[in-house]
Amino acid sequence: MKPIVILDNGHGEETAGKRSPVWSDGAQLFEWEFNRDIVRRIAAQLDDLGIGYEILTPETTDVTLGERCRRANEIYRNYNGMAFLVSVHANAGGGTGWEVYTSPGETKADAIATVFAEEAQRVFVPDGWRMRFDYSDGDPDKEAAFYILMHTNCPAILTENFFMDTEKDCRFIMSETGRQQIAEMHVAAIKRVINL
Ligand SMILES: [Zn+2]
């Protein structure tokens, strides 16, 4: 039996913050919409490939991190430990580029994050995007004690797909090309991880 991927498209439409500034032409990105659209695109491609997945928050309202972890752990149990989790986000804080997180220390998530980092590098670097990698512990992921990474039993990673409060990044992730590239990069990585 092949593992499945649990796709976390967290944040709800009513979540405070988690949105870009309003740009000069009135355009604005809401992270809940971005996360769901990327996960929807990933799911459509996984359907075509026959790769199993579960979407953690099908609703558009905010589902608490505790409930999301409870659901993920239930899915992980139901699939007899044959699952890993990918949490999809847009970054904020005024930087640029792409990064991936695992929980601190060495876990099974590190090898998964490395595959995602390699695919992001392959897709985005030729267009001049910056990879925000941290090789201080020997692999490209960053480490942080994010709730979703700490309280899920399965290997779990979190991708931060460009900065919604940096206009160049935000325009990219609002665009059809940007969203398609982000989804394709995730699917390419998921395919590799499933076959590891
Ligand atoms: Zn987020």
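My aim in this report is to walk through the structure given alongside it, one point at a time.

About the cut-offs
- Residues numbered from 1 in each chain as written.
- Predicted model: local features only at pLDDT ≥ 70, side-chain atom pairs only at ≥ 80, totals over all residues.
- Heavy atoms only, no water.
- Donors = N, O, S within 2.8 Å, 3.2 Å for Na, K, Ca; no water.
- Tetrahedral: all angles 85-135°; square planar, octahedral: opposite > 155°, others 65-115°.
- Helix = DSSP H or I, 4+ residues; strand = E, 2+ residues; numbered from the N terminus.
- Buried < 20%, exposed > 50% of the residue type's maximum accessible area, 1.4 Å probe, protein only.
- Salt bridge = Lys/Arg side-chain N within 4 Å of Asp/Glu carboxyl O.
- 1 Å grid on protein atoms, 1.4 Å probe; cavity = no way out; pocket = protein on both sides within 12 Å on 5 of 7 lines; lining within 4 Å.
- Points joined across faces, edges and corners; volume = space filled by probe spheres on them.
- Expected span 1.5 Å × (residues − 1).
- Contact = heavy atoms within 4.5 Å.

Now for the coordination of the zinc ion. Protein ligation of the zinc ion involves His11 (NE2), Glu31 (OE), Glu31 (OE) and His89 (ND1), the donor distances falling in the range 2.1 to 2.7 Å. Coordination at the zinc ion is irregular: its four donor atoms span angles of 51 to 141° at the metal. Considered as a linear motif, the donors of the zinc ion on their single chain read H-x19-E-x57-H. You can see His11 sitting in the loop between β1 (4–8) and α1 (31–49) and its partner Glu31 sitting in helix α1, a full 20 residues away along the chain. Like Glu31, His11 is buried.

A few words now on the pattern of salt bridges. Applying the stated criterion to the full structure yields 17 salt bridges. The closest approach of N and O atoms between Glu99 and Arg132, which form a salt bridge, is 2.8 Å. Here Glu99 is found in strand β4 (residues 98–102), whereas its partner Arg132 is found in the loop between α3 (109–124) and β5 (142–143), with 33 residues between them in sequence. Residues joined in a network through salt bridges with shared partners are Glu33, Asp37, Arg40, Arg41, Glu176 and Arg179.

This paragraph deals with empty space enclosed by the protein. Overall, the coordinates contain one cavity of 30 Å³ or more when judged by the stated rule. Here the largest cavity defines a volume of roughly 30 Å³. His11, Gly12, Glu13, Thr15, Gly17, Lys18, Arg19, Phe30, Glu31 and Trp32 together form the lining of the largest cavity.

The terminal C-alpha atoms of α3 lie 22 Å apart, and with 16 residues this matches the ideal 22 Å at 1.5 Å per residue to within 8%. Of all the 16 residues making up α3, twelve are buried; the element is thus mostly covered by neighbouring parts of the structure. Within the span of α3, buried status applies to Ala109, Asp110, Ile112, Ala113, Thr114, Val115, Phe116, Ala117, Glu119, Ala120, Val123 and Phe124. For α3, the secondary structure elements touched by its buried residues are β3 (83–91), β4, β5, β6 (156–163), α5 (167–174) and α6 (176–194).

This part covers the environment of Thr114. As for its placement among the helices and strands, Thr114 is situated in helix α3. If sequence neighbours within four positions are ignored, Thr114 has contacts with Asp139 and Pro140.

In short, shape yes, function no, at least from these values alone.
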